[in-house]
Amino acid sequence: MRPLSTPLLIGAVVNAGAAVRPRHTGDTCCFGLGSVGIIDEEIKEDHLGDLTLGGPFQQGGFCFDKSTKTIKDTLNHNCFMRAPTQQFQCYAGIVGATVFDISPPDQNGRSHLTYDDSPGAFYACPIGTKDDQYYNIYSTLKSGTTGCVSVALVLNDATAGCSLAHNTSSAMPSSGIGHRSPSRRFIQVRAQHSSLNAEIPSTTSSYNRVTSAGLWSSVSQSASANTTMKATSKTRSVVTSHTTKPSQACSISPSTPSMAPVKLGWPDKSAPDGIKDSSAVASINSTNSTVFLYSVPSSFLPLISDAKMPTCALQFRMPVCKDLPKGYPCYNFSGLEQEYLANSGMSFDLILDDGQAGWNGTTLHQVVPGENTVLGTFECGAPKGSYGARNMSWRVSSVHNFSLEFLHAGVGKDAKFQDGIGAWIVPCQ
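Structural notes, computed from the coordinates. (Residues numbered from 1 in each chain as written. Predicted model: local features only at pLDDT ≥ 70, side-chain atom pairs only at ≥ 80, totals over all residues. Heavy atoms only, no water.)

**A short note on the overall build of the protein**
Let me state the cut-off plainly: Every helix listed is a DSSP run of H or I at least four residues long, and every strand listed is a run of E at least two residues long, numbered separately from the N terminus. Burial classes: relative accessible area under 20% of the type maximum marks a residue as buried, over 50% as exposed, and values in between as partly exposed (1.4 Å probe, protein chains only). Here a residue-residue contact requires only that any non-hydrogen atoms of the pair lie within 4.5 Å. Accessible surface is estimated by sampling points in the Shrake-Rupley manner with a 1.4 Å probe; for residues, cover comes only from the protein chains shown.
Helices and strands together make up the secondary structure of the protein, namely four helices and 24 strands. When the 429 residues of the protein are sorted by exposure, 55% land in the buried category. Across the protein, the fraction of contacts at a sequence separation of at least 24, relative to all contacts at a separation of at least 6, is 74%. Surface accessibility of the protein: about 18,900 Å² in total, with carbon and sulfur atoms responsible for 51%.

The structure is reproduced here in structure tokens:
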């Protein structure tokens, strides 16, 4: 056991919530770490060098050496995960075999910590009591994971040198992750989860799109009133700590008006709107797909100008369960580890659109609790004098045994919850 570190203890007493950062030059990559997933906490370091998510310890600070693929804490102690415990720790004089790396920024601008040529999933395992509970962190090679949950670790307050340390080949939780040649250690991880790699049939839909009647359909105002949801422009309080950041194609403000589906249901080609047994519950897994139907009024969007055609995005919001409104049921999610190791997620296939937008229905979309994800963009301007509504629907299907079941917020005129989890149409700024 390593002797107590006096400087670290003193720092913890003076300010238990502040990270001590080492001095660094312009090309040094130093940062804090936090988790995304079911658990949303900062990494702390106790006086023995154990790293935890939450707890009564000092916030951890780290520096990454790109040349050696190693990480050290603020006391210049080496960090690693190794047998038999596979716990994430930092000790003086000990060099572990863990090969760390940093992913390029995802579409939300966040880089993730990865290790041993894997996508970067970790286990968070609870310790302490319910009133004072925090989590130890382990690699996915840990044996005995009952009660543990999968998380990813993101860099916080990273120095400028971290932009030079990105491994451009690292897998990260974003759309369109491709397969890579796995390392021997990663093959061991995949072997532990081989059941997650089962292929499912193609989700290509046989629906025909509605014949275009111009950019907007000619549905009368009275007819569209029965199916049109009111756009809400209020700030979404449930995700104030996880606001959407600009993507390459679309910048979205927290105050941007957003449009929820008018209804969800099972795919049914014989139904006029392609939906059977509609409800507000989405069930997406290897056996079930769900259709999301939207009816977008022309008044929802800005008019077409000579400068450029306005664009909209389909944005998926997934607050962590503790941030959902009181009484809102938590979702059932197959987990981040399943997403990363099996390269699983969802496909959003546009099966009905009065405006015939361009859309790639084969893209793999991966979602992370606590994050807002832009699934894609399309042209959506309203011609001057237009009326009625543009009807659009996406069939959402599982890829590689992904599973997500949830109550979609804002569905129906009498929806109990206006804010929560789901997919919204939003105009780009």
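So, next bit.
**Considering the environment of Asn-372**
Within the element layout of this structure, Asn-372 appears in strand β21 (residues 371-379). Sequence separation between Asn-372 and Asn-108 is 264 residues, and the spatial gap between their C-alpha atoms is 7.9 Å.

**Here's the deal with the packing of aromatic side chains**
Put simply, the rule reads: Between rings of Phe, Tyr and Trp, where Trp is taken as its six-membered ring, a pair exists when centres lie within 6.5 Å; planes separated by under 30 degrees are stacked, by over 60 edge-to-face, and by other angles tilted. When the NZ atom of lysine or the CZ atom of arginine is within 6 Å of a ring's centre and also within 35 degrees of its normal, the charge is said to sit over that ring.
Tallied over the full model, the rule gives 14 aromatic pairs. Three or more aromatic residues link up through ring pairs in this structure, and these residues are Phe-88, Phe-100, Tyr-115 and Phe-122. A cation over a ring is seen here: Arg-317 above Trp-424, with NZ or CZ 4.5 Å from the ring centre.

**So, the pairing of strand β20 (residues 345-353)**
As a reminder, the rule being used: Here, any two strands with at least 2 DSSP bridges between them count as paired.
The buried fraction of β20 amounts to nine of the nine residues, a majority that puts the element mostly inside the structure. Sheet topology note: the β20/strand β22 (residues 389-399) ladder contains eight bridges and is antiparallel. Its bridge partner being in β22, Phe-348 is matched across the sheet by Val-396.

**A short note on the sheet that holds strand β7 (residues 78-80)**
Strand order in this open sheet of 11 strands is β4-β2-β3-β12-β11-β13-β1-β5-β6-β7-β8, and the pairing throughout is antiparallel. Among the strands making up the open sheet, the edge pair consists of β4 (58-59) and β8 (89-91). Relative to strand β5 (residues 62-65), strand β1 (residues 29-37) runs antiparallel, the two sharing three bridges. Counterpart to Cys-29 in the pairing with β5 is Phe-64.

**With respect to unusual backbone geometry**
The omega torsion of the bond from Ala-83 to Pro-84 falls at 5°, within 30 degrees of zero and hence cis. Inspection of the secondary structure assignment puts Pro-84 in the loop between β7 and β8. Positive phi, close to 60°, is recorded for Asp-117, a residue that is not glycine. Asp-117 gets classed as partly exposed once you look at its relative accessible area, which sits at 30%. One non-glycine residue with positive phi stands out, namely Asn-401, at about 65°.

**Topic: the side chain of Gln-87**
Selection criterion: Two N or O atoms form a polar contact when they lie within 3.5 Å of each other; inside protein one atom must be a possible hydrogen donor and the other a possible acceptor, and for residues adjacent in sequence the pair counts only when both atoms belong to side chains.
Locating Gln-87 in the fold gives a position in the loop between β7 and β8. Under the relative-accessibility criterion, Gln-87 is labelled buried at 9%. There is a polar contact of 3.5 Å between the side chain of Gln-87 and the side chain of Asn-136. Beyond its immediate stretch of four places on either side in the chain, Gln-87 contacts Asp-50, Phe-80, Met-81, Arg-82, Asn-136, Ile-137 and Tyr-138.

**Section: the nonpolar core**
General note: in soluble globular proteins, nonpolar side chains tend to be found buried as a group. How we decide: Only buried residues count toward a nonpolar core. Its members are Ala, Val, Leu, Ile, Met, Phe, Trp, Tyr and Cys residues joined through side-chain atoms within 4.5 Å.
Phe-316, Trp-394 and Ile-425 are the most contacted members of the largest nonpolar core, which has 54 residues in total. Broken down by element, this core gets its largest block of residues, five residues, from strand β18 (residues 311-318). If we skip the residues at most four places from it in the chain, Ile-425 touches Pro-257, Ser-258, Met-259, Tyr-294, Val-296, Phe-300, Cys-312, Ala-313, Leu-314, Phe-378, Met-392 and Trp-394. Residues Phe-31, Ile-39, Cys-90 and Tyr-115 belong to the second largest nonpolar core, which totals 26 residues.

**Comments concerning the sheet that holds β21**
Rules: Throughout, an axis means a line fitted to C-alpha atoms (over the contacting stretch in the case of helices), and angles, computed between N-to-C directions, take values from 0 to 180 degrees.
In spatial order, the strands read β21-β18-β24; together these three strands make up an open sheet with antiparallel pairing. Strands at the two margins of the open sheet, each flanked by one partner only, are β21 and β24 (422-427). Each adjacent strand pair in this sheet contributes to an overall mean axis angle of 25°, direction not counted. For β18 and β24, the ladder comprises six bridges, and the chain directions are antiparallel. Residue Cys-312 lies in a different strand from β24, and its bridge partner there is Pro-427.

**Notes on the environment of Ala-282**
Here Ala-282 is to be found in strand β16 (residues 281-284). A relative accessible area of 0% places Ala-282 in the buried class. Once residues within four sequence positions are removed from consideration, Ala-282 is found in contact with Leu-264, Thr-290, Phe-292, Leu-404, Glu-405 and Phe-406.

**Comments concerning the state of the cysteines**
Just so we agree on the cut-off: Here, two cysteine sulfur atoms that lie within 2.5 Å of each other are counted as a disulfide.
Enumeration over the complete set of coordinates arrives at seven disulfides. The residue that forms a disulfide with Cys-29 is Cys-162, at a sulfur-sulfur distance of 2.0 Å. Taking the sign of the S-S torsion, about 95° here, the bridge from Cys-29 to Cys-162 comes out right-handed. Here Cys-162 lies in the loop between β13 (149-156) and α2 (184-192) and Cys-29 lies in strand β1, a separation of 133 residues in the sequence. Two residues share a disulfide in this structure: Cys-79 and Cys-90, whose sulfurs sit 2.0 Å from each other. In this structure the cystine formed by Cys-79 and Cys-90 twists about its S-S bond by roughly 100°; its chirality is therefore right-handed. On the criterion of sequence distance, the pair formed by Cys-79 in strand β7 and Cys-90 in strand β8 is long-range, its members being 11 residues apart. The burial state of Cys-79 is the same as that of Cys-90; both residues are buried.

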